[in-house]
There are 2 protein chains.
Amino acid sequence: MKKYLETLRKCPLFQQIEDENLLKMLGCLGAKVETFDKKYTIFAKGTPAKYIGILLSGSAQIVQVDYYGNRSILGSVAPSEVFAEAFACAGMDTLPVSVTANEPCEVMLINRDHILHTCQNHCGFHQQLIFNLMKDLAYKAILFQQKIEITSKRTTKEKLMTYLLLYAKKANSNSFEIPFDRQELADYLEVDRSGLSAEIGKLRKEGVLENHRKRFTLYRSNSIPTGQ
Amino acid sequence: MKKYLETLRKCPLFQQIEDENLLKMLGCLGAKVETFDKKYTIFAKGTPAKYIGILLSGSAQIVQVDYYGNRSILGSVAPSEVFAEAFACAGMDTLPVSVTANEPCEVMLINRDHILHTCQNHCGFHQQLIFNLMKDLAYKAILFQQKIEITSKRTTKEKLMTYLLLYAKKANSNSFEIPFDRQELADYLEVDRSGLSAEIGKLRKEGVLENHRKRFTLYRSNSIPTGQ
DNA sequence: ATAAGTATGTTGAAATTTCAACAAACGGAG
DNA sequence: CTCCGTTTGTTGAAATTTCAACATACTTAT
């Protein structure tokens, strides 16, 4: 586990926990590591929500696919981030979403029962873990709320601009790279890909932004407020 | 506080905590009660997210209103339920949403700092409170995920049916009352009210459902799967 | 019981999205 | 460098949503 220490230290679940205690705790928790190739499914919709995932390397996406094949992306996962924790902690029997590897991934898996029921060793860091998990879940709820704020806009243009302005604020710069390609961005914004491309083209002609693939630069971005 | 005991017992934050300890804890937490008339704002967007709310009586709604006045309803709040906890616990400085009273409300307010920082008395129930809060936040994340699942559908008809089927499952009956009037349902589904009314009319003519205002009865509801 | 106000239903035109099909640009493998 | 598969951009027609306006149904207060 030591090779992952650098990444685990940044994980929201392990804040305020010293390295040696962290390693000890991972033992208590029965943490295991698995690898997934690009495009492979890390967690599949409909399977038991038994595990919390921590991404150690690579990148992944949280995806909803409905009966008709319509794909909706709930969010992207970067190294050190936790995923599927809400479904595991709420005690859902099966996952309502899938998690897929966007590139080759290493993933740490922790059984939810080992987190929710304190271990016999009464390791004192368990309380800190629960507290960190609580903070992390609050943050996840806010990420969902932000996605709702974005997709509640009625037109493709408004959805796009709300997303880009929020991202620019997060990146603290007018120029940034988004974690989605066009199809993925369309699936996140819940709009048609070709319509999205067309809107980006229009905004470029209007001088509101410049872009090349995943890189965007915003101008006159004060014209549409974010509401935050 | 004793008059609210019945309601507080059902609150997810206070599960596994005995009545007398609960009352003691409310003292530690500095809980206070306020009342709000119908249509009044309990928490306003843009104000500090300092307090967690618990609804003691009445009903409320979590509402997003953007720059252009478009209203989006994130969810409804019933007695014993907690609200604004995600924003408070994630340490946001200001609320990105408003909470408004749908009928006259009594609300218990607890300062987030009193929850997040254990009190000097080292009252042993604080750990249970944090644990309960964690479970509650996981549940809230799932409610948001469900709203995303509903609103990610591309047509008004699909959004409506996904919502009604999910509600029927929750109510465990084909006949149920939703907590929204038409305009509110439209604001929750993020569609136009008149278009929503039209779709309901069509589905009624097709024999898929019957309805009178907030009451709906579903037939042949197996025709559109929920994906859960 | 009536009147006034609110909620719901209905309609048609305008705006927007979706869909399908194809063109152009890009990136990696050999 | 070239080929080939993938991504992105473009377009026009069909479907859907939005919008405004009005009709009808229901509720509440007097």
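Residues numbered from 1 in each chain as written. Chains lettered and ligands numbered in written order. Predicted model: local features only at pLDDT ≥ 70, side-chain atom pairs only at ≥ 80, totals over all residues. Heavy atoms only, no water.

1. Concerning the sheet that holds strand 9 (residues 175–177) of chain A
Residue and element names in this part refer to chain A.
Thought 1: Taken in spatial order, the three strands of this open sheet run 9-11-10, and their pairing is antiparallel. Two strands bound the open sheet, and with one partner strand each, they are strand 9 and strand 10 (209–212). For this sheet, the mean angle separating the axes of adjacent strands, direction not counted, is 15°.
Thought 2: Looking at chain direction, strand 9 and strand 11 (residues 215–218) are connected through three bridges and run antiparallel. Bridging across to strand 11, Phe176 finds its partner in Phe216.
Thought 3: Here helix 6 (residues 156–171) sits on the sheet and contacts strand 9, strand 10 and strand 11; the angle it forms with strand 9, its principal contact strand, is near 100°.
Thought 4: Along the sheet face, helix 8 (residues 193–205) touches strand 10 and strand 11 and points at about 130° away from the line of strand 10. (Pairing = 2+ DSSP bridges. Helix = DSSP H or I, 4+ residues; strand = E, 2+ residues; numbered from the N terminus. Axes fitted to C-alpha atoms, helices over the stretch in contact; angles between N-to-C directions. Contact = heavy atoms within 4.5 Å.)

2. Remarks on the packing of helix 7 (residues 182–189) of chain B against helix 8 (residues 193–205) of chain B
All names here are of chain B.
Thought 1: The contact between helix 7 and helix 8 brings their axes to 9 Å, and the two run at 100°. On the basis of the axis angle, helix 7 is roughly perpendicular to helix 8. Here Arg182, Gln183, Leu185, Ala186 and Leu189 of helix 7 lie close against helix 8, whose contacting residues are Arg193, Leu196, Ser197 and Ile200.
Thought 2: In the contact of helix 7 with helix 8, the residues fall into five nonpolar, two polar and two charged. (Parallel < 35°, antiparallel > 145°, perpendicular 65-115°, else oblique. Nonpolar A, V, L, I, M, F, W, Y, C, P; charged D, E, K, R; others polar.)

3. Quick notes on the nonpolar core
Thought 1: Grouped together as the largest cluster of nonpolar side chains are 107 residues, with contacts concentrated most on Phe14(A), Ile42(A), Phe83(A), Phe14(B), Ile42(B) and Phe83(B).
Thought 2: Of the residues forming this core, the biggest block, eleven residues, is contributed by helix 5 (residues 125–151) of chain B.
Thought 3: Setting aside anything within four residues of it in sequence, one finds Ile42(B) in contact with Phe36(B), Ala60(B), Phe83(B), Val99(B), Thr100(B), Ala101(B), Cys105(B) and Val107(B). (Core = buried A, V, L, I, M, F, W, Y, C linked by side-chain atoms within 4.5 Å. Buried < 20%, exposed > 50% of the residue type's maximum accessible area, 1.4 Å probe, protein only.)

4. Some words on the relation of the copies chain A and chain B
Thought 1: With an RMSD of 0.0 Å, the operation that places chain A on chain B is a rotation of 180° combined with a shift of 0.0 Å along the axis. Read as a symmetry element, the transformation amounts to a two-fold axis.
Thought 2: When the interface residues of chain A are mapped onto chain B, 100% of them again lie at the interface, so the same face is used by both copies. (Least-squares fit on C-alpha atoms with pLDDT ≥ 70 in both.)

5. Looking at the protein's contact with DNA strand C
Thought 1: If you check the shell around DNA strand C, you find 19 residues, and the closest are Thr155(A), Thr156(A), Asp192(A), Arg182(B) and Ser197(B).
Thought 2: Those atoms of DNA strand C that come within 4 Å of the protein belong to sugar or phosphate at a rate of 64%.
Thought 3: Ser194(A) is positioned such that a nitrogen or oxygen atom in its side chain is 3.2 Å from a base nitrogen of DNA strand C.
Thought 4: In the environment of DNA strand C, a phosphate oxygen lies 3.3 Å from a nitrogen or oxygen atom belonging to the side chain of Arg154(B).
Thought 5: Elements supplying a minimum of two residues to the surface near DNA strand C: helix 8 of chain A together with helix 7 and helix 8 of chain B.
Thought 6: If you tally residues by element for the surface near DNA strand C, the top one is helix 8 of chain B, at four residues.
Thought 7: Partitioned by chemical class, the residues of the surface near DNA strand C number one nonpolar, nine polar and nine charged. (Near = heavy atom within 4 Å. Polar contact = N/O pair within 3.5 Å; in protein donor to acceptor, adjacent residues only side chain to side chain.)

6. Considerations on the packing of aromatic side chains
Residues and elements named next belong to chain B.
Thought 1: Under the counting rule described, the total for this entry stands at 14 aromatic pairs over all chains.
Thought 2: On the numbers, 5.6 Å between centres and 55° between planes, the contact of Phe43 with Phe83 is tilted. Taken as a pair, Phe43 in strand 2 (residues 41–43) and Phe83 in strand 6 (residues 82–83) lie far apart in primary sequence, 40 residues in all.
Thought 3: What makes Phe43 buried here is its relative accessible area of 11%.
Thought 4: Of the residues examined, Phe83 reaches a relative accessible area of 1% and is grouped as buried.
Thought 5: Taking 5.3 Å as the distance between ring centres and 85° as the angle between the ring planes, the aromatic pair formed by Tyr67 and Tyr68 counts as edge-to-face.
Thought 6: Note on Tyr67: relative accessible area 63%, which makes it exposed.
Thought 7: You can call Tyr68 partly exposed: its relative accessible area is 46%. (Phe/Tyr/Trp six-rings, centres within 6.5 Å; stacked < 30°, edge-to-face > 60°.)

7. Observations concerning helix 6 of chain A
Residue and element names in this part refer to chain A.
Thought 1: The first and last C-alpha atoms of helix 6 sit 22 Å apart over 16 residues, in line with the 22 Å expected at 1.5 Å per residue.
Thought 2: What helix 6 keeps buried is the set Glu158, Lys159, Leu160, Met161, Thr162, Tyr163, Leu164, Leu165, Leu166 and Ala168.
Thought 3: Buried residues in helix 6 make contact with helix 5 (125–151), strand 9, helix 7 (182–189), helix 8, strand 10 and strand 11.
Thought 4: Positive phi shows up at Asn172, right after helix 6, with a value of about 55°. (Expected span 1.5 Å × (residues − 1).)

8. Focus on the environment of Phe36(A)
Thought 1: Of note, Phe36(A) is situated in strand 1 (residues 32–36).
Thought 2: A C-alpha to C-alpha distance of 38 Å links Phe36(A) and Arg204(A), two positions 168 residues apart in sequence.

9. Brief notes about the domain arrangement of chain A
Residues and elements named next belong to chain A.
Thought 1: Taken domain by domain, chain A consists of domain 1 (2–143) and domain 2 (153–218).
Thought 2: Each of domain 1 and domain 2 was reduced to a C-alpha centroid, and the two centroids are 29 Å apart.
Thought 3: Contact with domain 1, which involves nine residues of that partner, is made by eight residues of domain 2.
Thought 4: When the two sides are added together, the surface that domain 1 and domain 2 hide from each other amounts to roughly 660 Å², 41% of it contributed by carbon and sulfur.
Thought 5: Connecting domain 1 to domain 2 are one salt bridge.
Thought 6: Here Asp187 and Arg71 are joined by a salt bridge, their closest N and O atoms 2.4 Å apart.
Thought 7: At the surface where domain 1 touches domain 2, the tally comes to four residue pairs in polar contact (both at pLDDT 80 or more).
Thought 8: The element contributing the most residues to the side of domain 1 that touches domain 2 is strand 5 (residues 71–77), with six residues. (Domains from an automatic or database assignment. Buried area = accessible area lost by both parts, 1.4 Å probe. Salt bridge = Lys/Arg side-chain N within 4 Å of Asp/Glu carboxyl O.)

10. Here's the deal with the sheet that holds strand 1 of chain A
Thought 1: As summarised here, the arrangement of the four strands in space is 1-8-3-6 (chain A), forming an open sheet in which the pairing is antiparallel. Since the sheet does not close on itself, it has two edges, and those belong to strand 1 and strand 6 (82–83) of chain A, each with one partner.

11. Focus: helix 5 of chain A
Thought 1: The terminal C-alpha atoms of helix 5 of chain A lie 39 Å apart, and with 27 residues this matches the ideal 39 Å at 1.5 Å per residue to within 8%.
Thought 2: Of all the 27 residues making up helix 5 of chain A, 20 are buried; the element is thus mostly covered by neighbouring parts of the structure.

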